[in-house]
Amino acid sequence: MRSLQTEIEQRGARIFELVDRHPEPLFSKAGFYQRLMALSMRDERFKVQMFRFVDVLPSLRRSGDIVQHLDEYFTDMRNGFAPLVRTGVRTAKIMPWISGQLLRWNVSGMAHQFIAGKNPDDVMKTLRKRHEQKIGFTVDLLGEAVVSEKETDEYAARCLELLEHLARETDGWSDPLDGGAGLFPVVNLSVKISALYSQMNPADPADAIAHLAPKLRPILRRAKELGAFINFDMESFSDKNITLDLFKTLFTETEFRDWPHAGIVIQAYLRDAEKDLVDLIDWGRARRTRFTVRLVKGAYWDYEKIKSTQNGWSIPVYLQKPESDANFESLSRVLLENESIVTAAFGSHNVRSIAHAQALADELGIDRTRFEFQLLYGMAGPVKRALVEMGYRVREYCPVGELLPGMSYLVRRLLENTSNEGFLRAKFSENASDEILLRDPSELLRENRNGVLPRSTVMTTMITTSLQDRHLALGGSLDTPAGDSYENAPLTNFALPENHEKMRAALREMRTRLGREYPLVINGEKLSTGKTIASINPSSPDEIVGAVTEAGILEAERAVQAARDALEKWRWTPFEERAQLLKRAAAIMDRRRFELSALEVFEVGKPWTEADGDIREAIDFCLFYAQQVRRFGRPRLTQQVPGEESYYHYWPRGVAFVIAPWNFPLAILCGMTTAALVTGNTVIMKPAEQSAVCGAMLMEIFEEAGVPPGVLNYLPGKGSQMGAHLVDHKDVDLIAFTGSREVGLRIWESAGITRPGQRELKRVICEMGGKNAVIIDSDADLDEAIIDSIYSAFGYQGQKCSALSRLIVLEENYDRVLERLLSAAASLRVGNPEEPGMTVGPVIDKTAYERILNYIEIGKSEATLAFQHQNVPPKGYFIPPTIFVDVKPDMRIAREEIFGPVLSVLKARNLDEALKLANGTDYALTAGFFSRSPANIERAKAEIEAGNVYINRSCTGAVVGRHPFGGFKMSGGGTKAGGEDYLLQFVVPRVVTENITRHGFAPEEAPLYRDEFRVRS
Ligand SMILES: Cc1cc2nc3c(=O)[nH]c(=O)nc-3n(C[C@H](O)[C@H](O)[C@H](O)COP(=O)(O)OP(=O)(O)OC[C@H]3O[C@@H](n4cnc5c(N)ncnc54)[C@H](O)[C@@H]3O)c2cc1C
């Protein structure tokens, strides 16, 4: 008997023989698309610009805009395309309508290589042709990015229409292989689950299923009546478990339990894929009805890698191409070995993967009419034809829709076709040999592990581009890459079910601890004053989260004394020991992560992911500042001069008074406290009254981490009394404050007065509010702009100092933006954040509730109320997300910080006016700009007045070290929390110079660094 590899090679050779009889037009030398692809494969920077240009083009309505963008994207390129573009642009500027149309025509032509038709009628032309070629179809309705429930309803209705249309138009069509009609209905529809629910949240699969199932049932019911097949496509990893659960839930229901014409996708590039497939098969066996699995490698490889890396998650996809290929083969075996319950559809253009499935099916004695190959429309035409000639069942995946909603699909195809790792490129563009193309991926991996192959894959070794070349080609320099080596703590990935369980358990546990009392901590002693402050649950105000002892003036005096006494020892403690304290605290927070998140849900009404983000930030502050202090902890030589040495170094300022807000109850308190501690200051820590229990937790964590008595003191109390007393205190040297402008300015002024006996000029580190603006340019990607703006404005109820409160929309886009914005806001989930997946919870307390409602009344009198959410819980401090339009810059709602879920929309005639509006405020904290014009993006980067400017993303969610955070003007003193220079606010610089010459003799060189100056006791 011949080995499987020999069989694969033989079948592969046969496919190639048939393939080579016909050219693959995708990689030929002629045509607009082909030339662009060829250039993209040679020039990485061109590829990036080209993809971006293609992405923006369908949204440009005027020819002049198209020419303008072409100019901005390509004229500074240094390749063969640039002179062409320059000439083109010159001519085009004279006759923009001709060139604009020509370009649009060419790009639509390119899209139509991959999109089988604009509408159901149009796609039928393609399907008829394929039917004649004995190729079946599955149709996919383009339009993945939905921002509202209105859009999901439209998608569901279009799916139904399409189904009807296909059934009508294919009436009487027979099965191409005349045999397996029972298994493979003619009409086959692929649906994208994410297009059916706009509020899908991986943390809340139950809610997603509760919304998705009713949308899908009518489609399934009708498909069943029409004898059609429905396939659930698989999208990003975060939606994977929901899609699998939904599939199992629906097809277990009595109505659909016996229906065999349902399919789902398994992505072999996922490390989880085998487990998921085995689970599905077990489920199928219990259900006792056939179903289909389309096995693919996966279309979101780049996205998964980027997203996981940004969030510090383990990457769910394999990182070496042969791993995905090998997994595809091993999953092919699982599928075929379970042929009695599952029908296999192999979705691949890779001849090796295809030949492997064929050889394996033969080995297992499975007839070729019992499974099928599926390939994408517009790709690998010769492979499809070869398979048909060999007598295999082939189905083509045919996307239908307009170019604009089809853009993300098109970009995925372009990425795939230009990828160094792709099979099609290797075969048709690089002309790799059959031998290389048919190699066993497992063998390759073994060789790779044994170091036989220098880099990851055979494809990469064939098409070698050194990393350095690529870096330069992308416009980079050879200098050290930007950013330091700090690696952020990960966020919790709520796409993983075990994390839901941990969070639920923590919430249950925390509920049993509500109502406890927490003492003050001064000089390591726990104290009660008899007076307490109750911290309540804003979702349910009669629920007391905890009661903390209230400190008065007497306790404030004791705390200052304790901090002063402890300072003498702490300031001489080596910085490394102080850094280790922070590291231990971070480890404790990490261990108690879910517990702390649960506390935030109860105490400050944070939705799960927001609470988790806060804990992550607190951990990051500890670790980042521990790392930063090492950068300047040791005295550093100023200059190398003979005979003298001067060392620059820092001393702590003294006693720090930390005053924190409630909206990031752990992170901000922890950030300011750790910055002070690690630089050798002692600290009096005053949490906000509304989040005093979170403050007590932080104290507990530091005690467990081993903070010496007096070095950190926990002192909750009234800001107006005890707080004001400490601000003015002669023995407080430093005030770190984050909060409102009103209080911030009072502290700033009052700290400027020198009191009798005061030793130091007080340093105030002051971070205040914002009136943050986001501009949506006329060419912006609205899918992104709407989702991110809604999140920036209403995430955590708009109670972030970074939150969006003024949305400035260019006139040209105004109506379209508004329509989508309002329906997106209407789709938001508002409710108790104990429920996973809530986006909008309660505002913090009664005062905030009344103040925000008052602003809404002001808004109603000044501007036009365009939207107010209807579905808000009656109990608790819930404010309906509210949007005002016709807002003018001088109105109060456009000028004053509201700190709640209220958004003002302003219209601007052009970018000049938009920038003027954005900058026309007292504040300068965060700002955002959505655009796809490189020139406008450059302008926004240069001109927007804000401490943190975000382009094409939400304006909230700063990450420590990555986005050092803080503003200027009335937003603060210009310091950047989580930045490289933040710690310098907490120290005084000092230089010690020594003449090291003795009678004309001096050492040749002084060391660059020396040990810390120490007091010998
Ligand atoms: C009919 C059909 C339906 C499809 N439906 C879906 C779907 O629902 N969901 C979905 O996600 N995809 C789907 N796909 C897309 C499919 O995943 C890609 O077209 C496919 O990955 C390309 O694989 P290939 O075997 O044709 O080509 P190959 O060139 O052999 O493989 C390319 C693939 O390998 C993987 N890869 C690339 N680089 C690496 C690396 N460094 N490490 C590890 N893996 C790597 C990626 O998945 C990449 O797409 C479908 C494809 C077809 C043909």
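This text goes with the structure placed above it.
Residues numbered from 1 in each chain as written. Predicted model: local features only at pLDDT ≥ 70, side-chain atom pairs only at ≥ 80, totals over all residues. Heavy atoms only, no water.

In terms of regular secondary structure, the protein is built from 37 helices and 30 strands. For the protein, whose C-alpha radius of gyration is 32 Å, the value lies close to the compact-globule estimate of 31 Å for 1017 residues. Dimensions of the protein, computed from C-alpha atoms along their principal axes, come out at roughly 100 × 80 × 65 Å. Relative to its full complement of 1017 residues, the protein shows a buried share of 59%. Taking as baseline every contact in the protein between residues at least 6 positions apart, the subset at least 24 positions apart corresponds to 77%. When the accessible surface of the protein is totalled, it reaches about 40400 Å², and 51% of it is carbon and sulfur. (Helix = DSSP H or I, 4+ residues; strand = E, 2+ residues; numbered from the N terminus. Rg over C-alpha atoms; globule rule 2.2 N^0.38 Å. Buried < 20%, exposed > 50% of the residue type's maximum accessible area, 1.4 Å probe, protein only. Contact = heavy atoms within 4.5 Å. Areas by Shrake-Rupley, 256 points an atom, 1.4 Å probe, with all protein chains shown as cover.)

This part is about the packing of helix α25 (residues 575-591) against helix α27 (residues 608-632). Two elements in contact, α25 and α27, have axes separated by 9 Å at closest approach and are oriented at 165 degrees. Regarding the angle of α25 to α27, the classification is roughly antiparallel. Judged by the sense of rotation from one axis to the other, the crossing of α25 with α27 is left-handed. For the pair α25 and α27, contact is made by Phe575, Glu576, Ala579, Gln580, Leu582, Lys583, Ala585, Ala586, Met589 and Asp590 and by Ile615, Ala618, Ile619, Cys622, Leu623, Tyr625, Ala626, Val629 and Arg630, respectively. The class makeup of the residues in the contact of α25 with α27 is 14 nonpolar, one polar and four charged. (Axes fitted to C-alpha atoms, helices over the stretch in contact; angles between N-to-C directions. Parallel < 35°, antiparallel > 145°, perpendicular 65-115°, else oblique. Left-handed = near helix turned anticlockwise from the far one by under 90°. Nonpolar A, V, L, I, M, F, W, Y, C, P; charged D, E, K, R; others polar.)

Sheet architecture is closed into a barrel: eight strands sit in the order β1-β2-β3-β4-β5-β6-β7-β8, paired in parallel fashion. Across the sheet, the mean angle separating the axes of adjacent strands is 30 degrees when strand polarity is ignored. For strand β5 (residues 291-296) and strand β6 (residues 342-347), the ladder comprises five bridges, and the chain directions are parallel. Pairing of Val293 across the sheet is with Ala344, part of β6. Sheet strands touched by helix α16 (residues 381-389): β7 (372-376) and β8 (394-400). Its angle to β7, the strand with the most contacts, is close to 160 degrees. (Pairing = 2+ DSSP bridges.)

Turning our eyes to something else, we now look at the environment of Met699. Relative to the assigned elements, Met699 resides in helix α29 (residues 692-705). Residue Met699 is classed as buried on the basis of its relative accessible area, which comes to 2%. Taking C-alpha positions, Met699 is 6.4 Å from Tyr714, a pair spaced 15 residues apart along the chain. When residues no more than four places from it in sequence are discounted, the contact partners of Met699 are Val521, Met685, Leu712, Asn713 and Tyr714.

Turning our attention to the pairing of strand β27 (residues 926-930). Counting buried positions along β27 gives five out of five residues, so the element sits mostly inside the fold. Burial of β27 is two-sided: the residues Thr926, Gly928 and Phe930 facing one way and the residues Ala927 and Phe929 facing the other way are all buried. Of the pairings in the sheet, the one linking strand β21 (residues 772-776) to β27 comprises four bridges and is parallel in character. Bridging from a neighbouring strand, Ile776 pairs with Phe930 of β27. Pairing analysis gives four bridges linking β27 to strand β28 (residues 948-951), with the strands arranged parallel. Bridge pairing in β28 links Gly928 to Tyr950. Handedness of the crossover joining β27 and β28 through helix α37 (residues 934-943) is recorded here as right-handed. (Right-handed = clockwise from strand over helix to strand, strands pointing away.)

Geometry of an aromatic ring pair is reported as the spacing of the ring centres plus the angle between the planes. Within this structure, the stated rule accounts for 31 aromatic pairs. Here the aromatic residues Phe232, Phe247, Phe251, Phe256, Trp259, Trp283 and Phe291 are joined through ring pairs into a cluster of three or more. The ring of Trp651 is capped by Arg571, whose NZ or CZ atom sits 4.6 Å from the centre of that ring. The side chain of Lys907 reaches across the aromatic face of Tyr814, ending 4.6 Å from its centre. (Phe/Tyr/Trp six-rings, centres within 6.5 Å; stacked < 30°, edge-to-face > 60°. Lys NZ or Arg CZ within 6 Å of the ring centre and 35° of its normal.)

So, about the packing of helix α14 (residues 321-337) against helix α20 (residues 441-449). It is the contact of α14 with α20, at a shortest axis distance of 8 Å, that shows an interaxial angle of 140 degrees. Here α20 runs oblique to α14, going by the angle between their axes. Once α14 is placed against α20, the crossing between them reads as left-handed. On α20, the residues that touch Pro322, Glu323, Asp325, Ala326 and Glu329 of α14 are Pro441, Ser442, Leu444 and Leu445. Tallied by class, residues from the contact of α14 with α20 come to five nonpolar, one polar and three charged.

As a further point, take the environment of Val351. When you line up the elements, Val351 lands in helix α15 (residues 351-363). Residue classification places Val351 among the buried positions, given a relative accessible area of 1%. Residues contacting Val351, with those up to four places away along its chain left out, are Gly12, Ile15, Phe16, Val383, Phe423 and Leu438.

Before going further, it helps to examine the site of the ligand. The local shell around the ligand holds 30 residues, among which Gly298, Ser324, Ser348, Asn350 and Phe423 are the closest. Interatomic distance of 2.7 Å between a backbone N/O atom of Met234 and a nitrogen atom of the ligand. Those elements that place two or more of their residues in the shell around the ligand are β4 (262-267), β5, α14 and β7. Class assignment of the residues belonging to the shell around the ligand gives a composition of 13 nonpolar, 10 polar and seven charged. (Near = heavy atom within 4 Å. Polar contact = N/O pair within 3.5 Å; in protein donor to acceptor, adjacent residues only side chain to side chain.)

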